[in-house]
Amino acid sequence: MGIFDKGVKKTKVGLFDKLSRALVGKSTVGDDLLDAIEDALIATDMGVDTTLKIIDNLEDRVSRDKYMSFDELVAMLREEIAALLDVDVEASDDYVEPSFSEQFDFTKKPYIILVVGVNGVGKTTTIGKIASRLRAEGKKVVIGAADTFRAAAVDQLTIWAERAGVDIVKQQMGSDPASVAFDTVKSAVAKGADVVLIDTAGRLHNRIDLMNELSKIKNVIKKVVPEGASDVMLVLDGSTGQNAFQQAGEFSKATEITSLAVTKLDGSAKGGVVIGIVDRFRVPIKFIGVGEGVEDLKVFDKKEYVENLFSEEDLKNK
């Protein structure tokens, strides 16, 4: 089982089933078959634009050879998706999952991450899991509870901080989030922390509010660390499909997003959203969530993702 098997299993089963049914009785690749392939890809929530890129490339490739077996079709799709993600998917037997520490530049100390995203996407849980994984790798972590509008968010972060054995900075409900961010970074610098994870409000009245709030937080951080925040990480719920695209678009308009974490992929047949988001926004996905446990937050490796989506075991079972 690959490290992302839980995250792509339902997507893979649905995609392979639709492709198999589309190919029944077909000896050539015509418009009807391409339409069926297009429908299968869109069903994974890969997005229309990304799907059409793949279909256009398939049309070019099959124009030279009208016959295509199931294995040939899947191999072509695998290559096209790998190209979109800009990876070489030649199988490797010596794969080692990257550490969480390798995802951050510790020449910047502390490495400050602003975590953004709407309520309900798993933002607070993701912060807790990242803190736990980094702490387990020997890094000193400080969490800032700057989502001061939700008591539940602060309480949940406090529990995660206690479990992970990391420090948390918080203030009273309704406090100025920028003030919490300032205190968090100041504390982290004083303690020689490696990483700062700052939770931000998951819902503000409109995009202007969001932009202003994040700008205030970024500005106060620069008063302590002139280089400012190292990373603005957007957390998206992968199971929401097209909704995740919309959220990424809205947050990208409000602030510069430098990395992504995509959660809740294990229970969804919409794992294609990962491919569509990378293709459309060109922002790296650092982590994906494939389960409830701390160990189920994985470093996202594009090559391994494609290998799991089109694993040889599934091809042999077809």
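The structure contained in this document is the topic of the report that follows. Note that the structure is a prediction, hence the values are computed from the model and not measured. (Residues numbered from 1 in each chain as written. Predicted model: local features only at pLDDT ≥ 70, side-chain atom pairs only at ≥ 80, totals over all residues. Heavy atoms only, no water.)

Moving on, we come to helix α6 (residues 151-164). Taking 1.5 Å per residue as the helical rise, α6 with its 14 residues ought to reach 20 Å, and the 20 Å between its terminal C-alpha atoms agrees with that figure. Along α6, the positions that sit buried rather than exposed are Ala 153, Val 154, Leu 157, Thr 158, Trp 160, Ala 161 and Ala 164. Projected down its long axis, α6 shows its buried positions confined to an angular sector of 165 degrees, all on one face. Relative to its buried face, α6 has exposed residues pointing more than 90 degrees away, namely Glu 162 and Arg 163. Buried residues in α6 make contact with α5 (123-136), β2 (141-145), β3 (167-169) and β4 (195-199). Positive backbone phi, approximately 75 degrees, marks Gly 165, located one or two places after α6. (Helix = DSSP H or I, 4+ residues; strand = E, 2+ residues; numbered from the N terminus. Expected span 1.5 Å × (residues − 1). Buried < 20%, exposed > 50% of the residue type's maximum accessible area, 1.4 Å probe, protein only. Arc of directions from axis to C-beta. Contact = heavy atoms within 4.5 Å.)

In spatial order, the strands read β3-β2-β4-β1-β5-β6-β7-β8; together these 8 strands make up an open sheet with mixed pairing. Among the strands making up the open sheet, the edge pair consists of β3 and β8 (297-299). On average, adjacent strands in this sheet sit at an angle of 25 degrees to one another, irrespective of strand direction. As paired elements, β2 and β4 share 5 bridges and run parallel to each other. Across the sheet, Val 142 pairs through a bridge with Val 196, a residue of β4. Running at roughly 170 degrees to β4, α5 makes contact with β1 (111-116), β2, β4, β5 (231-237), β6 (259-263), β7 (285-289) and β8 of the sheet. In the packing of helix α9 (residues 242-254) onto the sheet, contacts are made with β1 and β5, and the angle to β5 comes to roughly 155 degrees. (Pairing = 2+ DSSP bridges. Axes fitted to C-alpha atoms, helices over the stretch in contact; angles between N-to-C directions.)

Position of Thr 255 relative to the elements: it lies in the loop between α9 and β6. Given a relative accessible area of 8%, Thr 255 falls into the buried group. Once residues lying within four places of it in the same chain are set aside, the contact partners of Thr 255 are Leu 214, Lys 218 and Val 232.

What follows concerns the nonpolar core. Nonpolar side chains tend toward joint burial in soluble globular proteins. Residues Leu 19, Ile 37, Leu 77, Ile 81, Ile 198 and Phe 310 are the most contacted members of the largest nonpolar core, which totals 71 residues. Ranked by residues supplied to this core, first place goes to helix α4 (residues 70-85) with 9 residues. For Leu 19, the contacting residues outside a window of four places in its chain are Ile 37, Ala 40, Phe 70, Leu 73, Val 74 and Leu 77. By size, the runner-up hydrophobic cluster in this structure holds 26 residues, among which are Val 141, Ala 145, Ala 161 and Met 233. (Core = buried A, V, L, I, M, F, W, Y, C linked by side-chain atoms within 4.5 Å.)

A side chain with one charge can pair with a side chain of the opposite charge if their charged atoms come near. Taken as a whole and judged by the stated rule, the model has 11 salt bridges. Measuring nitrogen to oxygen at the nearest pair gives 3.0 Å for the salt bridge that ties Arg 78 to Glu 307. With a gap of 229 residues between them, Arg 78 in helix α4 and Glu 307 in helix α11 (residues 302-309) connect regions that are remote in the sequence. Here Arg 78 matches Glu 307 in class, with each residue buried. For the salt bridge of Lys 253 with Glu 250, the shortest nitrogen-to-oxygen distance reads 3.6 Å. Remark: Glu 250 and Lys 253 occur in helix α9; sequence separation between them is 3 residues, near one turn of the helix. By relative accessible area, which is 52% here, Lys 253 ends up exposed. When salt bridges that share partners are traced, they join Lys 53, Asp 279 and Arg 282 into one network. (Salt bridge = Lys/Arg side-chain N within 4 Å of Asp/Glu carboxyl O.)

Moving on, we get to a negative patch on the surface. Judged by side-chain charge, Asp 31, Asp 32, Asp 35, Asp 39, Asp 56, Glu 59 and Asp 60 come together as a negatively charged surface patch. Broken down by element, the negative patch gets its largest block of residues, 4 residues, from helix α2 (residues 31-43). Inspection of the secondary structure puts Asp 32 in helix α2. According to the relative accessible area criterion, Asp 32 is partly exposed, its value standing at 49%. (Patch = residues over 30% accessible without salt bridge, like charges linked within 9 Å, V, L, I, M, F, W, Y side chains within 5 Å. Areas by Shrake-Rupley, 256 points an atom, 1.4 Å probe, with all protein chains shown as cover. Lys, Arg positive; Asp, Glu negative; His and termini not counted. Charge placed at Lys NZ, Arg CZ, Asp CG, Glu CD.)

This part covers the packing of aromatic side chains. Counted by the stated rule, this structure contains 5 aromatic pairs. Plain terms: the ring middles of Phe 100 and Phe 287 are 4.6 Å apart, the flat faces sit at 15 degrees to each other, and that makes the pair stacked. Here Phe 287 lies in strand β7 and Phe 100 lies in the loop between α4 and β1, a separation of 187 residues in the sequence. By relative accessible area, which is 0% here, Phe 287 ends up buried. With a centroid separation of 6.1 Å and 45 degrees between ring planes, the pair formed by Phe 104 and Phe 287 is classed as tilted. Residue Phe 104 is located in the loop between α4 and β1, and its partner Phe 287 is located in strand β7; the two are separated by 183 residues in the primary sequence. We classify Phe 104 as buried; its relative accessible area is 6%. (Phe/Tyr/Trp six-rings, centres within 6.5 Å; stacked < 30°, edge-to-face > 60°.)

What follows concerns α5. The end-to-end C-alpha separation of α5 is 20 Å, in line with the 20 Å expected for 14 residues at 1.5 Å each. All of the buried residues along α5 are Lys 123, Thr 124, Thr 126, Ile 127, Gly 128, Lys 129, Ile 130, Ala 131, Ser 132, Arg 133 and Leu 134. Of the residues flanking the end of α5, it is Gly 138, one or two places downstream, whose phi is positive at about 90 degrees.

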